[in-house]
Amino acid sequence: MAKSHALPLNERVCVNNTLQRLSDVVILSLLLSLLAYRLASLHRHGTTWLVAFVCESWFAFIWFLYLNARWNRIVYRSHPQHLANTYGDLPAVDMFVTTADPTLEPPIITVDTVLSLLAVDYPVHKLACYVSDDGASPVTFFSFSESVEFAKLWVPFCKKHGVRVRAPSVYFSSTEPQLNSSADFIQEWRHVKNEYEELSRRVASVNNEDQIPNYHSNDEFKDFFKIESKNHPTIVKILWENKKGSEQEGIMPHLIYVAREKRPQHPHHYKAGAMNVLTRVSGVMTNAPFVLNVDCDMFANNPQVILHAMCLLLGSPDEGNNNAFAQAPQQFHRALKDDPFGNQLVVLQQSLVPGIQGIQGPFYAGTGCLQRRKVIYGVPPNGSRFKKKGGKFFSRLQLLECSSKDNSTEMLSREELQLFYGTSMEFMHSAVQITAGISSPGLPSDLSSRVAVAEMVASCSYEFNTAWGDEIGWVYGSMTEDILTSLRCHSMGWRTVALMLDPPAFLGSAPVGGPASLTQHKRWATGLLEILVSKKNPVVSVITKELMLRQYLAYLILLVWAVRSIVEVCYALLPAYCLLSNSTFLPNTSEVGFVVALALFVTYNIYTLVEYFRYGLSVRAWWNNQRMQRIYSSTAWLLGFFSVVLKLLGISDTVFEITQKEQRRPGKDVDDPGRFTFDSSPAFVPGTAVMLVNLWAFAVGLLRVLSTTDAEGPGIGEFVCSGWILLCFWSFLKGLVGRGRHGIPWPVIGKAMVMVCLFLAVLQNCMKL
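Residues numbered from 1 in each chain as written. Predicted model: local features only at pLDDT ≥ 70, side-chain atom pairs only at ≥ 80, totals over all residues. Heavy atoms only, no water.

This part covers the overall build of the protein chain. Scanning the protein chain for helices and strands turns up 27 helices and 12 strands. Compactness check: the protein chain gives a C-alpha radius of gyration of 28 Å against a globular reference of 27 Å for 769 residues, within 12% of the reference. The C-alpha extent of the protein chain, read off along each of the three principal axes, is 95 × 60 × 60 Å. Expressed as a percentage of its 769 residues, the buried residues of the protein chain come to 55%. By element, 58% of the accessible surface of the protein chain is carried by carbon and sulfur atoms, the whole surface being about 32,900 Å². In the protein chain, 68 side chains carry a positive charge and 64 a negative one; their mean positions are 5 Å apart. (Helix = DSSP H or I, 4+ residues; strand = E, 2+ residues; numbered from the N terminus. Rg over C-alpha atoms; globule rule 2.2 N^0.38 Å. Buried < 20%, exposed > 50% of the residue type's maximum accessible area, 1.4 Å probe, protein only. Areas by Shrake-Rupley, 256 points an atom, 1.4 Å probe, with all protein chains shown as cover. Lys, Arg positive; Asp, Glu negative; His and termini not counted. Charge placed at Lys NZ, Arg CZ, Asp CG, Glu CD.)

Structure below.
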């Protein structure tokens, strides 16, 4: 309930970025000047200049997208200390944690994440935590059933002593009792630490069901007998219930385990399907008006994270708030120094997120996000305004209008509701409560009474002939379900806000090594291109819905990742082509165009370097990100591009690959974790080929210079560009002579050599023309 004369919960601050705007315009002007020079002199040069013109036109377009996204920088400051004076009763929150494979995602990592969420600073009776195990693994369930007793120690310990970092593995590895601490605290600290180490030992000792103590005699595990990870019924287990009136009431929030039904003949839609199941299960069990979701490795680093997010979502009780969700940027714990794999995204997030916040707001990132449940159900900001011209679900607009006027479902037939929400009357009732803005009467007195209906809404056939995955819930149709869902949200007219806190709201683990990093980027590039070529392309929403044009341009920065690979690979091969064919693609030193190209190269690199310095990063971090950008575009993004092409041609479907979560501990790594590693993945083939082509071309070009005095042919620009590519692919060059996982496997080298031969054959034919 809101109180009058309340203090502001947040402040909107405009950031002065005049210098950045000027720098962006200068670089764009240099790009356009180079294009104008190429266009004016195109008739005097060959095909290489035309290819360079096309590539550089694309680069100018990409730079314009970044300029648009960074133009209006906005930040928000939240004041959780004012919440008590503004809202006497805080809304409930359902917390979702997703995991899928106990091998790639070790259960102790997921347990740590859940423990950090159970201990956040928020009223215990307002929280419920749901764990989705998409692998239906008895090992994962055993880990959580074992963690409940420790959680009953950990949560009160954190609240009592004001522990800042509430993931126990992080807390105990980085904190020791101070010398002036009381004897009681030291004793309690050691007791809790010993209990956590014992929990970790028990969890780590179990790798399969045969190692689970009393597995076949314990009734808790009977649902896991003789099931397969992709063929099993729904399993819903209440691991802990915060029962009213019980002796242990208020110790910690509800904890519910969910493994949705899976059958080989039914599509399960990967993470999006799991999130929709959690939405329905929580809807019939606790039905909180707000939902927080995190990945299994993304622990709550700031204990007041939900309070800060509420400041941004609740806003003033008089003015209301059109913010659909508060998205925390992805930041990482124990991240490798200088970001050797270029996947920590520090500068990208720090420079882009405030700028996009000045348009319609940041994108949903799939984790670290607190959102309104009614947004998940497809409700627009004003509760009834929605541009819909026909379509499959006629009852949508009618439902929104009716539910905002009447607190019952009597105005709609059961058949109309089923076409939208599914066949469960309990879920229909809970959904209408949310869409109508009716305050929940409170948590059910007995969660166990809701298990049967929870299992029903988690069945794999529940969504058939409903709006799930399209107009409500997480959207299907792409591996990057987060961006698709974010697009639908912005298309309805909602704004979003970034949850940028100090200390960071959540911390996760960045992929380590070449294979894991490339797998992640391939999945992203594939999913983003799936959106770009689908009927859900955001340009449709600009025309027919509420998506702003500038927000659409901001989305394009991500959506064109896979397309960028084609252009960047072509540009990376141009210097090699010129060195081998004795031609040029850059102006020579006596031309005005050379000055423009040189100024562009120097200005861009100084600009990006200063940007890294601004955010406290090193020269090495800048270089690592520069080279990994070239590597990703020539490997993972390129593979993502061809994966979607094959899907469109009906030859093969895209495959969702889980990124392995690293469980690194101080002093446990034998090898240098920042050193690039390889495997036999086809993603490494094009990168190896690009490196080999440039290596051969550089050597041939150098020999030609040393053996002839001919002034015609490639100049210093082509040599510098080819050398730059070799520097970017230096880890691949070292991989040619490396051993073990630090060396490029011979099958990859063989396939790359085939691609090199094809390139040389094309070059030979072009020279004959």
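We are not done yet, so read on.
I483, L556, L559, F676, F729 and F732 are the most contacted members of the largest nonpolar core, which has 84 residues in total. Look past the residues within four positions of I483 in its chain and what remains in contact with it is F363, Y364, L528, I531, Y555, L558 and L559. Counting 75 residues, the second-largest nonpolar core is a separate cluster that includes L9, V131, L307 and L314. (Core = buried A, V, L, I, M, F, W, Y, C linked by side-chain atoms within 4.5 Å. Contact = heavy atoms within 4.5 Å.)

Where helix α1 (residues 18-40) contacts helix α21 (residues 592-614), the axes come no closer than 9 Å and their chain directions differ by 155°. Between α1 and α21, the angle falls in the class roughly antiparallel. Two packed elements cross with a definite hand, and for α1 against α21 that hand is left-handed. Each of Q20, S23, D24, V26, I27, L30, L31, S33, L34 and Y37 in α1 lies in contact with α21, whose residues at this interface are G593, V596, A597, A599, L600, T603, Y604, Y607 and R614. The class makeup of the residues in the contact of α1 with α21 is 12 nonpolar, five polar and two charged. (Axes fitted to C-alpha atoms, helices over the stretch in contact; angles between N-to-C directions. Parallel < 35°, antiparallel > 145°, perpendicular 65-115°, else oblique. Left-handed = near helix turned anticlockwise from the far one by under 90°. Nonpolar A, V, L, I, M, F, W, Y, C, P; charged D, E, K, R; others polar.)

So, on to the packing of aromatic side chains. Inspection of every chain in the model, using the stated rule, returns 48 aromatic pairs. Residues F698 and F719 carry aromatic rings whose centres are separated by 5.7 Å and whose planes lie at 80° to one another, so their mutual orientation is edge-to-face. Here F719 lies in helix α25 (residues 716-728) and F698 lies in helix α24 (residues 684-707), a separation of 21 residues in the sequence. On the accessibility criterion, F719 (15% relative accessible area) is buried. A connected cluster of aromatic rings, assembled from ring pairs, spans F150, W154, F157, Y171, F172, F185, W189 and Y196. The lysine or arginine in question, R38, covers the ring of W49, its NZ or CZ lying 4.6 Å from the ring centre. Taking NZ or CZ as reference, R280 lies 4.8 Å from the ring centre of W468, over its face. (Phe/Tyr/Trp six-rings, centres within 6.5 Å; stacked < 30°, edge-to-face > 60°. Lys NZ or Arg CZ within 6 Å of the ring centre and 35° of its normal.)

For the rest of this paragraph, the subject is the environment of F506. Topologically, F506 is positioned in strand β12 (residues 506-507). Here F506 falls in the buried class, since its relative accessible area comes to 2%. Distance in space between the C-alpha atoms of F506 and R280 is 25 Å, their sequence separation being 226 residues. If we ignore the near neighbours within four places in the chain, the residues touching F506 are L117, L292, V294, M298, F299, A300, N301, V305, A328, Q331 and G368.

Bringing the side chain of R373 into the picture now. When you line up the elements, R373 lands in helix α11 (residues 373-376). Polar contacts involving the side chain of R373 include one to the main-chain carbonyl oxygen of T279, which spans 3.0 Å. In this structure, R373 is in contact with D94, T279, S282, G283, N287, A288, P289, F290, V291 and I434, ignoring residues within four places of it in sequence. (Polar contact = N/O pair within 3.5 Å; in protein donor to acceptor, adjacent residues only side chain to side chain.)

Right, let's talk about the packing of helix α2 (residues 47-70) against helix α10 (residues 346-357) for a bit. Interaxial distance between α2 and α10 falls to 6 Å at its minimum, and their mutual angle equals 65°. Across the interface between the two elements, Y66, A69 and R70 from α2 touch L348, S351, L352, G355 and I356 from α10. Tallied by class, the residues present in the contact of α2 with α10 amount to five nonpolar, two polar and one charged.

In this section: the side chain of E611. Secondary-structure assignment places E611 in helix α21. Residues within four places of E611 in sequence aside, it is in contact with R70, V347 and S351.

Let us look at the pattern of salt bridges. Tallied over the full model, the rule gives 20 salt bridges. As a salt-bridge pair, D223 and K237 come within 2.9 Å of each other at their nearest N and O atoms. Residue D223 is located in the loop between α7 (183-204) and β5 (235-240), and its partner K237 is located in strand β5; the two are separated by 14 residues in the primary sequence. We classify K237 as buried; its relative accessible area is 11%. (Salt bridge = Lys/Arg side-chain N within 4 Å of Asp/Glu carboxyl O.)

Another point: the environment of L726. With respect to the helices and strands, the residue L726 is situated in helix α25. Sequence separation between L726 and P156 is 570 residues, and the spatial gap between their C-alpha atoms is 56 Å. Sequence-distant contacts of L726, that is, excluding residues within four places in its chain, are made with M691, N694, L695 and F698.

Bringing the confidence of the model for the protein chain into the picture now. Summarising the model, the protein chain shows a mean pLDDT of 88, and 90% of its residues fall at 70 or more. Scored below 50 in pLDDT, residues 384-410 makes 55 contacts in the model with residues more than four places away or belonging to other chains. (pLDDT = per-residue confidence, 0-100.)

To continue, consider unusual backbone geometry. The residue after D502, namely P503, is reached through a cis peptide bond having omega 5°. When you line up the elements, P503 lands in the loop between β11 (495-498) and β12. For A136, which is not glycine, the phi torsion reads 45° and is therefore positive. Position of A136 among the secondary structure elements: in the loop between β4 (127-133) and α5 (138-161). A relative accessible area of 4% places A136 in the buried class. In this structure, D338 is a non-glycine residue whose phi angle is positive, near 65°. If you trace the backbone, D338 turns up in the loop between β9 (323-327) and α10. Overall, D338 belongs to the partly exposed group, its relative accessible area being 23%.

Once that is clear, we can look at the sheet that holds strand β6 (residues 254-259). With mixed pairing, the eight strands of this open sheet are ordered in space as β5-β6-β4-β3-β7-β10-β9-β11. If you trace the sheet from one side to the other, it starts and ends with β5 and β11, each paired once. For this sheet, the mean inter-axis angle between neighbouring strands, taken without regard to orientation, is 20°. Looking at chain direction, strand β7 (residues 290-295) and strand β10 (residues 369-372) are connected through four bridges and run antiparallel. Bridge pairing in β10 links N293 to C369. Helix α8 (residues 270-285) contacts β3 (93-99), β4, β5, β6 and β7 of the sheet and is inclined by roughly 145° relative to β3. (Pairing = 2+ DSSP bridges.)

Right, let's get into the pairing of β3. Within β3, seven of the seven residues are buried, which leaves it mostly tucked inside the rest of the structure. Here β3 shows a buried face lined by V93, M95, V97 and T99 and a second buried face lined by D94, F96 and T98. Pairing of β3 with β4, which is carried by seven bridges, proceeds in the parallel orientation. Counted as the bridge partner of D94 is A128 from β4. The parallel pair β3 and β4, bridged by helix α4 (residues 107-118), forms a crossover whose chirality is right-handed. By the bridge criterion, six bridges tie β3 to β7 in an arrangement that is parallel. Bridging from a neighbouring strand, V93 pairs with F290 of β7. (Right-handed = clockwise from strand over helix to strand, strands pointing away.)

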